[in-house]
Amino acid sequence: MPSSAPDLTVMAYGALASLKAAAAAKDKTKPKLFSHPKVDIIDIRRVEVETNLKADIVSQFCPKEGPRKLPTLLLYDERGLQLFEKITYLEEYYLTNDEIQVLESSAKEIAGSIPSESMVIELGSGNLRKVNLLLQAFEDAGKSIDYYALDLSKQELERTLAQLPAYQHVRAHGLFGTYDDGREWLKDPSNISRRKCIMSLGSSIGNFERSAAASFLKSFSDVLSHGDTMLIGLDACNDPAKVYHAYNDKEGITHEFILNGLRHANRVLGQAAFHERDWRVIGEYVHDAEGGRHQAFYSPVRDTTVFGQVIRPHERIQVEESLKWSPEETRKMWDLAGMTEKGKWMHGTEYGEQPAFPFTHITYIPIFRRQLGSARFFLSLSLSLDRPVNDDFTQALPHVLTF
Ligand SMILES: C[S@@+](CC[C@H](N)C(=O)[O-])C[C@H]1O[C@@H](n2cnc3c(N)ncnc32)[C@H](O)[C@@H]1O
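Residues numbered from 1 in each chain as written. Predicted model: local features only at pLDDT ≥ 70, side-chain atom pairs only at ≥ 80, totals over all residues.

A. Up close: the sheet that holds strand S12 (residues 317-323). In spatial order, the strands read S8-S9-S12; together these three strands make up an open sheet with antiparallel pairing. Looking at strand neighbours, the two that pair on one side only are strand S8 (279-288) and S12, the edges of this open sheet. Strand after strand, the sheet turns through a mean of 20 degrees between neighbouring axes, direction not considered. Pairing between strand S9 (residues 291-300) and S12: six bridges, direction antiparallel. Opposite Ala 296, over in S12, you have Glu 320 as the bridge partner. Contacts from helix H10 (residues 240-247) reach S8, S9 and S12 within the one sheet, and its direction differs from that of S8 by about 155 degrees. With respect to the sheet, helix H11 (residues 253-269) is in contact with S8, S9 and S12, its orientation differing from that of S8 by roughly 115 degrees. (Pairing = 2+ DSSP bridges. Helix = DSSP H or I, 4+ residues; strand = E, 2+ residues; numbered from the N terminus. Axes fitted to C-alpha atoms, helices over the stretch in contact; angles between N-to-C directions. Contact = placed C-beta atoms within 7 Å.)

B. Just the site of the ligand, in detail. Residues in contact with the ligand amount to 19 residues; listed here are only the nearest, Tyr 76, Gly 124, Gly 126, Thr 178 and Gly 202. Contributing elements (two or more residues each) for the shell around the ligand: helix H3 (78-88) and strand S3 (145-151). For the shell around the ligand, the element with the most residues is H3, which contributes three residues. Across the shell around the ligand, the residue classes break down as eight nonpolar, nine polar and two charged. (Near = placed C-beta within 6 Å. Nonpolar A, V, L, I, M, F, W, Y, C, P; charged D, E, K, R; others polar.)

C. View of the packing of helix H2 (residues 49-61) against H11. Direction vectors running N to C along H2 and H11 enclose 110 degrees, while the axes themselves pass 9 Å from each other. Considering their axes alone, H2 and H11 lie roughly perpendicular with respect to each other. Counting all contacts with H2, which are made through Glu 50, Leu 53, Lys 54 and Ile 57, the residues of H11 involved are Ala 265, Val 268 and Leu 269. Residue composition of the contact of H2 with H11, by class: five nonpolar, no polar and two charged. (Parallel < 35°, antiparallel > 145°, perpendicular 65-115°, else oblique.)

D. Main features of H2. Spanning 13 residues, H2 covers 18 Å between terminal C-alpha atoms, matching the ideal 18 Å at 1.5 Å per step. For H2, the complete set of buried residues consists of Leu 53, Ile 57 and Phe 61. Seen from one end, H2 has its buried residues packed into an arc of 40 degrees, which puts them on one side. Facing away from the buried side of H2 by more than 90 degrees, the exposed set consists of Thr 51, Ala 55 and Ser 59. Contacts made by the buried residues of H2 are with H11 and strand S10 (304-306). (Expected span 1.5 Å × (residues − 1). Buried ≥ 20, exposed ≤ 12 C-beta atoms within 10 Å, placed from the backbone. Arc of directions from axis to C-beta.)

E. The environment of Leu 83, seen in detail. Positionally, Leu 83 belongs in helix H3. Put simply, Leu 83 and Ile 253 are 170 residues apart on the chain and 7.1 Å apart in space, counted from C-alpha to C-alpha.

F. View of the nonpolar core. Counting 90 residues, the largest nonpolar core has Leu 134, Ala 149 and Val 319 as its most contacted members. In terms of residues, this core owes the most to one element, helix H4 (residues 94-112), which gives eight residues. (Core = buried A, V, L, I, M, F, W, Y, C linked by C-beta atoms within 7 Å.)

G. A look at the pairing of strand S4 (residues 170-176). Of all seven residues making up S4, five are buried, and the element is well covered by its neighbours. Bridging between strand S1 (residues 40-43) and S4 involves four bridges; their strand directions are parallel. Its bridge partner lying in S4, Asp 43 is registered against Phe 176. Sheet topology note: the S3/S4 ladder contains seven bridges and is parallel. Paired with Ile 145 across the two strands is Val 170, which belongs to S4. With respect to chirality, the unit in which S3 leads through helix H6 (residues 154-162) into the neighbouring parallel S4 is right-handed. (Right-handed = clockwise from strand over helix to strand, strands pointing away.)

Put into structure tokens, the structure is as follows:
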């Protein structure tokens, strides 16, 4: 039963196939391809994504006060997702490679903590090669799982889901819509009564400002019940050069990905408001009182007029930020979100905690259980010795609840 606790990448298929063949040679995580005659995609949109986006473009570009911005969502149209997929194969983009290593060594243990018959919902699924490691672990364990890949492009959901292996125990579905649509869909009685794990990989949470990230997680706890979990991939790299190059690769693919956002904006607006030749991308790593992060901006190369306003070459219009998470910032986020960390799988050493290795990085995936507001429950959960040796937190939970 639900708890009543408080709120808490376009190219032709042939070109893509050759990219995949090249990448597969150096990527042993590539799933074996099977063709699926039909992929199950559920349209969960309440409003056309483009409708909100149009209003957001104008309001963020012409704010009543503060700096001009453009919505990060602009980056993820069909072509944007395909370009992002290319990014994930870049040597500089350590995030994907590190997270794959975490999953390769820990997928079995993580899968062991998610019970059979669960729904596993991935927010912003993108390319499915990472999650496939976890799906394979469910399959190997013979666990019956409904996996839902949620993302913004129906065509990309169809393409990526069709590339998953044909599992016996894991059923894969697509959810076409936004994060907000997904949260509403999960409130449907037929979904809310089911055991679930909500996942966010690739440090997508880092695209939110820190307090907004906590609020985002908190809002999803509305659809969680006792025993449900969240699995969050976070980037904690604090090496300025490493972070900078991850988002400013030498082949220029990331800048192409960012510039594609302007094409998407023109399509949404129904007019050529932005002329691509007038714009360049500027990336920067910042570490200040707000913590470490990479920021991507559009900047005109000459005076250019948008919505009747002249934008000068010194102006910068932020479209994306990718926050990095220190242990303190991470703990604060879990606290604000009302979540209790139940497990952590890391790559490398912990951000800032090993002065001898000041620029090491980690990707870690904490798995959460909802904190129910009772200090005793919270303390009991910290008694991890109570956990069965197989680390199945769901089995430990009833014991904890007897307090
Ligand atoms: C940084 S990429 C990560 C993709 C993938 N999870 C990975 O780890 O490689 C962010 C993903 O979230 C999706 N996304 C971003 N904002 C979204 C929103 N508001 N609703 C649904 N999906 C969103 C994007 O389309 C993209 O697939």
